[in-house]
Amino acid sequence: MNVSLDLEGSRVIIVGAESATRRVRARYQAAGAEVTVLSAGRARVSLASAAGIGTIPGGLPGDEAAGQSAMPHLIVWVEGRESQRIDLLSAARRLRVSMTTEHPAAHLPRGSVTLVGGGPGELDLITVAGRQALLEADVVLYDRLAPTEILAAWAPAAELIDVGKAPGHHAVPQQEIEAIIVERALRGLAVVRLKGGDPFVFGRGGEEVQACRDNQIPVTVVPGVTSAISVPAAAGIPVTHRNVSRAFTVISGHAPLSPDELTHLSGLGSTIVLLMGVGTLVQTVAGLQTHGMRSSMPLAIVERGYSIHQRTTFSTVGEITSHLAAISLRSPAVIIIGEVVRLASGETPNQGAVDLIVNSLPAP
């Protein structure tokens, strides 16, 4: 049975050592509860004191200064001897105080690392496994494009470290990010590296996994919904479609493409998805045309996908350059090149999308 409780303002006693109860304590505090962490013995004394008696029925010792503490609404057992738990449960029942059990945080000589793909930014698109990893985290290192609006609620027991990177500006260098991950994990903490999209799609997740392996730190990768597929979908563009495109290629536009890359891409006749390509778009479309792509090839740019500021521009490889000054293109943006662009409807399926710009596309 799944029962949700409103804990705002509730008095909660959590039983166990500080280290074992750290995650449970943070979750209840985040839910608005007034939390006190006590050992099993002190919890018994506190309960007797709140009841205003020297002893709790059943022989549990009370406080000399009875009645000085308020009766808790809930007792949360995390750790202690089983005999103590049974005694405290019996006393709580007699005093009509609810009691529940939660798992303690692990005491490990060496921690663990989980790389979590946060998806394209929409809160609902992070995976269940990703949410669970955040819930159990001691430390979260997060990126600019990760879903962070309610990160403090998702990871209530965690130290939150912003290591976000903007185009051309890396406030925290990659090597320093890896050093933080390793240092925290070697202290026995559960570390989550939260990224936008998928950790292994231009996310440098492979480098972070290698840093963990070099230090014998257990590492897990939780995949995410990559923007290479999801952001085109938000604009109504499928990256593949029967009788239109049976393949798609995802390219990083961080640096200009080589002549060989441009030649191969032009000759594939399938969908091209360009990530991080705003700064090199002019060179990319010029190079594709130079190496064989026709200027009438449809092109779409989806800016800030899955946000209320989402904007889609439809154009062609030959004409997009002349429109750039007017549209003031901004990152993050996903660029889609190919005949699948024609399949997009005039209204995007993402309800938060606004400011759709459509330029007429030539007949195929």
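Residues numbered from 1 in each chain as written. Predicted model: local features only at pLDDT ≥ 70, side-chain atom pairs only at ≥ 80, totals over all residues. Heavy atoms only, no water.

A. Structural detail: the packing of helix α9 (residues 259-268) against helix α10 (residues 281-290). Put simply, α9 and α10 touch, their axes get as near as 8 Å, and they point 65° apart. The angle between α9 and α10 places the two elements in the roughly perpendicular class. Crossing geometry of α9 relative to α10 is assigned as right-handed. In this structure, α9 uses Leu-262, Leu-265 and Ser-266 to contact α10, whose residues at the interface are Thr-284, Gly-287 and Leu-288. Across the contact of α9 with α10, the residue classes tally to 3 nonpolar, 3 polar and no charged. (Axes fitted to C-alpha atoms, helices over the stretch in contact; angles between N-to-C directions. Helix = DSSP H or I, 4+ residues; strand = E, 2+ residues; numbered from the N terminus. Parallel < 35°, antiparallel > 145°, perpendicular 65-115°, else oblique. Left-handed = near helix turned anticlockwise from the far one by under 90°. Contact = heavy atoms within 4.5 Å. Nonpolar A, V, L, I, M, F, W, Y, C, P; charged D, E, K, R; others polar.)

B. Structural detail: helix α3 (residues 82-94). For α3, which comprises 13 residues, the first-to-last C-alpha distance of 19 Å matches the rise-based estimate of 18 Å (1.5 Å per residue) to within 8%. Residues of α3 that are buried: Gln-84, Leu-88, Leu-89, Ala-91 and Ala-92. One side of α3 carries all its buried residues, which in axial view fall inside an arc of 165°. Where α3 terminates, the next one or two residues include Arg-96, which has phi positive at roughly 55°. (Expected span 1.5 Å × (residues − 1). Buried < 20%, exposed > 50% of the residue type's maximum accessible area, 1.4 Å probe, protein only. Arc of directions from axis to C-beta.)

C. Up close: the sheet that holds strand β13 (residues 219-222). Across the sheet, 5 strands lie side by side as β9-β8-β12-β7-β13; this open sheet has parallel pairing. Unpaired on one side and paired on the other, β9 (159-162) and β13 mark the two borders of the sheet. For this sheet, the mean angle separating the axes of adjacent strands, direction not counted, is 15°. Looking at chain direction, strand β7 (residues 112-117) and β13 are connected through 4 bridges and run parallel. By the bridge assignment for β13, Leu-115 is matched with Val-221. Its contacts with the sheet place helix α6 (residues 174-186) against β7, β8 (139-142), β9 and β12 (190-195), and it is angled at close to 155° to β12. (Pairing = 2+ DSSP bridges.)

D. The arrangement of helix α8 (residues 227-234) in detail. Those residues of α8 that sit buried are Ala-228, Ser-230, Val-231, Pro-232 and Ala-234. Sitting at the amino-terminal end of α8 is Thr-226, which places a side-chain oxygen 3.2 Å from the backbone nitrogen of Ala-228. After α8 finishes, the residue Gly-236 shows a positive phi value of roughly 80°. (Polar contact = N/O pair within 3.5 Å; in protein donor to acceptor, adjacent residues only side chain to side chain.)

E. The nonpolar core, seen in detail. Counting 21 residues, the largest nonpolar core has Leu-281, Leu-299, Ile-301 and Ile-337 as the members making the most contacts within it. Looking at this core, the elements with two or more residues in it are α9, β15 (271-275), α10, β16 (298-303), α11 (320-327) and β18 (333-337). Core analysis: the second largest hydrophobic core is formed by 18 residues, Leu-141, Val-163, Ala-185 and Ile-217 among them. (Core = buried A, V, L, I, M, F, W, Y, C linked by side-chain atoms within 4.5 Å.)

F. How the structure looks around the sheet that holds strand β2 (residues 34-38). Spatial strand order, β2-β1-β5-β6: 4 strands in an open sheet with parallel pairing. Where the open sheet ends on each side, the last strands, each with one partner, are β2 and β6 (98-101). Pairwise comparison of adjacent strand axes, ignoring direction, gives a mean angle of 20° for this sheet. Direction of pairing for strand β1 (residues 11-15) relative to β2: parallel, over a ladder of 5 bridges.

G. Quick peek at the side chain of Ser-245. Positionally, Ser-245 belongs in the loop between α8 and β14 (248-252). Not counting the four nearest positions on each side in its chain, Ser-245 is found in contact with Val-239, Thr-240, Ser-270, Thr-271 and Val-340.

H. Molecular detail of the confidence of the model for the protein. Considering every residue of the protein, the mean pLDDT works out to 86; 86% of them sit at 70 or more. Put simply, strand β4 (residues 60-61) is where the protein has its lowest mean pLDDT, 45, and β15 is where it has its highest, 97. Low confidence marks residues 55-68, where pLDDT is under 50. Its contacts with residues over four positions away, or in another chain, come to 33 contacts. (pLDDT = per-residue confidence, 0-100.)

I. Examining the pattern of salt bridges more closely. In this structure the tally under the stated criterion is 16 salt bridges. One salt bridge connects Glu-102 with Arg-27, and the closest N-O pair in it is separated by 2.7 Å. Taken as a pair, Glu-102 in the loop between β6 and β7 and Arg-27 in helix α1 (residues 22-30) lie far apart in primary sequence, 75 residues in all. Residue classification places Glu-102 among the partly exposed residues on the basis of a relative accessible area of 21%. (Salt bridge = Lys/Arg side-chain N within 4 Å of Asp/Glu carboxyl O.)

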